[in-house]
Amino acid sequence: MKVEIKKEKEVKHHLSKWIREDRWPHIWCSGCGIGIAMSSMLYAFEELNLDPKEIAIVSGIGCSGRVAGYVKVDSYHTTHGRAIPFAIGLKIAKPNMKVIVFSGDGDLISIGGNHFIHAARRNFDLICICVNNFNYGMTGGQFGPTTPHEAITTTTPYGNFEYPFNLPYLAASAGATFVARWTVLHPYYLRQSIKKALRRKGFSFIEVISPCPTGFGRPNKIGEAIDEMKYYKEKSVIKNRVDPKEAELSFRGGNIIVGEFVEIEKPSYIEILKENLEKIKEV
Ligand SMILES: Cc1ncc(C[n+]2csc(CCOP(=O)(O)OP(=O)(O)O)c2C)c(N)n1
Ligand code: SF4
């Protein structure tokens, strides 16, 4: 029997419908976790049988922010820290679209932190996926608001003396109605949480803990990306519905608590907006 071997260019990836292949190769370092976070989202689209025309992705600047450019849907690579306000404008103009903000911890929580807390407070209808690699990967591994205490970065060569945010706790206390955390070693659960977020209203926040072997793993002697993945395997504990205040995240021997922590119903911003516009019309 003659076996026909397809040329490399003829072999299509089963997610190719969702990828702008003309942008390949991507910029990510080998062992970076952003690709797993992105493909988990693409599998979620595929499994929900979504129409690419009903999705928009907005990113800020950074390695994680490159996702907007790689996914074949309406996408916007905005300025640093401004993905959320851009996405808010888009969702108000196109309320039937599923608007996803996909960006890094520095982009969303440092320069974009103010937008983040107010979007959560308003229960604005967005899905916010935050790749947390504990540093500013793209610009050379500086420390940021999620860098663990005592961690070494290019700007904290003697150890970070600040304390980091616990992102699920921040999101929940600001008002987010769906809050989850997974590592990139949990792609199945991550995909399920993204699917859940795609089916609901209001502000959904999903933190994805991801290795940045270049900016964070190396200076902190974690080893290669595979060693960080082994750490996730040994230390991750799934605790769904735990109070996010108790969701520990340790890089010095403690645990990484993952799971879906918050899922509550509250009127979403778009619902309230529509209701109020109707009231004004009656006046
Ligand atoms: C106004 C402004 N300030 C600073 C920068 C430089 N800058 C680009 S990306 C980045 C940080 C990105 O970090 P993060 O969001 O954690 O993403 P990562 O690269 O780790 O995925 C910074 C500070 C910029 N582009 N614009
Ligand atoms: S610098 Fe870090 S976050 Fe950026 S692509 Fe490399 S591993 Fe990924």
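Our focus in this paragraph is the pairing of strand β6 (residues 203-209). In the case of a regular strand, side chains alternate between the two sheet surfaces. Counting buried positions along β6 gives seven out of seven residues, so the element sits mostly inside the fold. Side chains F203, F205, E207 and I209 project from β6 onto one buried face, and the interleaved S204, I206 and V208 project onto a second face that is buried too. Where strand β4 (residues 126-132) lies against β6, seven bridges are found, and the strand directions are parallel. By the bridge assignment, V131 is partnered in β6 with V208. Here six bridges tie strand β5 (residues 178-183) to β6, and the two strands are oriented parallel to one another.

Bringing the state of the cysteines into the picture now. Counted under the stated rule, the structure contains zero disulfides. Free of any disulfide, C130 has its nearest neighbouring cysteine sulfur in C128, separated by 6.4 Å.

Glancing now at the site of ligand 2. W28, C29, C32, I34, C63, N133, G137, C212, P213 and T214 make up every residue found near ligand 2. Partitioning the shell around ligand 2 into residue classes produces seven nonpolar, three polar and no charged.

Where helix α6 (residues 167-174) is concerned, the buried positions are L167, P168, L170, A171 and A174. End-on view of α6: buried residues confined to an arc of 160°, all on one side of the axis. Looking at the packing, one finds that the buried side of α6 touches α4 (105-111), α5 (113-121), β4, β5, β6 and β8 (256-263). Downstream of α6 by one or two residues, G175 has phi in the positive range, about 130°.

Taken together, the neighbourhood of ligand 1 is formed by 16 residues, with C63, S64, G106, D107 and G137 sitting nearest. Here an oxygen atom of ligand 1 and a backbone polar atom of D107 are 2.7 Å apart. In the environment of ligand 1, an oxygen atom lies 2.8 Å from a nitrogen or oxygen atom belonging to the backbone of G137. Protein coverage of the free-state accessible area of ligand 1, which is 590 Å², stands at 73%. Of all the elements, α4 adds the most residues to the shell around ligand 1, at four residues.

Once that is clear, we can look at the sheet that holds β5. The strand order across the open sheet built from eight strands is β2-β1-β3-β4-β6-β5-β8-β7, with neighbouring strands paired in mixed fashion. The open sheet has two edge strands, β2 (74-77) and β7 (236-238), and neither has a second partner. On average, adjacent strands in this sheet sit at an angle of 20° to one another, irrespective of strand direction. Of the pairings in the sheet, the one linking β7 to β8 comprises three bridges and is parallel in character. Bridged to S236 within β8 is I256. Against the sheet, helix α1 (residues 34-47) touches β1 (55-59), β3 (98-104), β4 and β6, its axis set at about 170° to β3. Each of β3, β4, β5, β6, β7 and β8 touches helix α7 (residues 187-199); the most contacted strand, β5, lies at about 160° to it.

Turning to unusual backbone geometry, a few remarks are in order. The amide bond that connects W24 to the next residue, P25, takes the cis arrangement and shows omega of 0°. For P25, the position within the fold is in the segment before α1. One non-glycine residue, N123, lies in the positive phi region at around 50°. By the secondary structure assignment, N123 is in the loop between α5 and β4. Of the residues examined, N123 reaches a relative accessible area of 1% and is grouped as buried. With a phi close to 55°, K221 is a non-glycine residue in the positive phi region. Note that K221 resides in the loop between α8 (213-217) and α9 (225-235). By relative accessible area, which is 74% here, K221 ends up exposed.

Our focus in this paragraph is the pairing of β3. Burial of β3 is extensive: six of the seven residues sit out of reach of the surface. Inspection of the sheet shows β1 paired to β3 by four bridges, in the parallel sense. The partner of I57 across the bridge, within β3, is I100. As paired strands, β3 and β4 are joined by five bridges and run parallel to one another. When the bridges of β4 are listed, V101 appears paired with C128.

What counts as what
Residues numbered from 1 in each chain as written. Chains lettered and ligands numbered in written order. Predicted model: local features only at pLDDT ≥ 70, side-chain atom pairs only at ≥ 80, totals over all residues. Heavy atoms only, no water. Buried < 20%, exposed > 50% of the residue type's maximum accessible area, 1.4 Å probe, protein only. Helix = DSSP H or I, 4+ residues; strand = E, 2+ residues; numbered from the N terminus. Pairing = 2+ DSSP bridges. Disulfide = S-S within 2.5 Å. Near = heavy atom within 4 Å. Nonpolar A, V, L, I, M, F, W, Y, C, P; charged D, E, K, R; others polar. Arc of directions from axis to C-beta. Contact = heavy atoms within 4.5 Å. Polar contact = N/O pair within 3.5 Å; in protein donor to acceptor, adjacent residues only side chain to side chain. Areas by Shrake-Rupley, 256 points an atom, 1.4 Å probe, with all protein chains shown as cover. Axes fitted to C-alpha atoms, helices over the stretch in contact; angles between N-to-C directions.

All we've got here are geometric facts, nothing functional implied.
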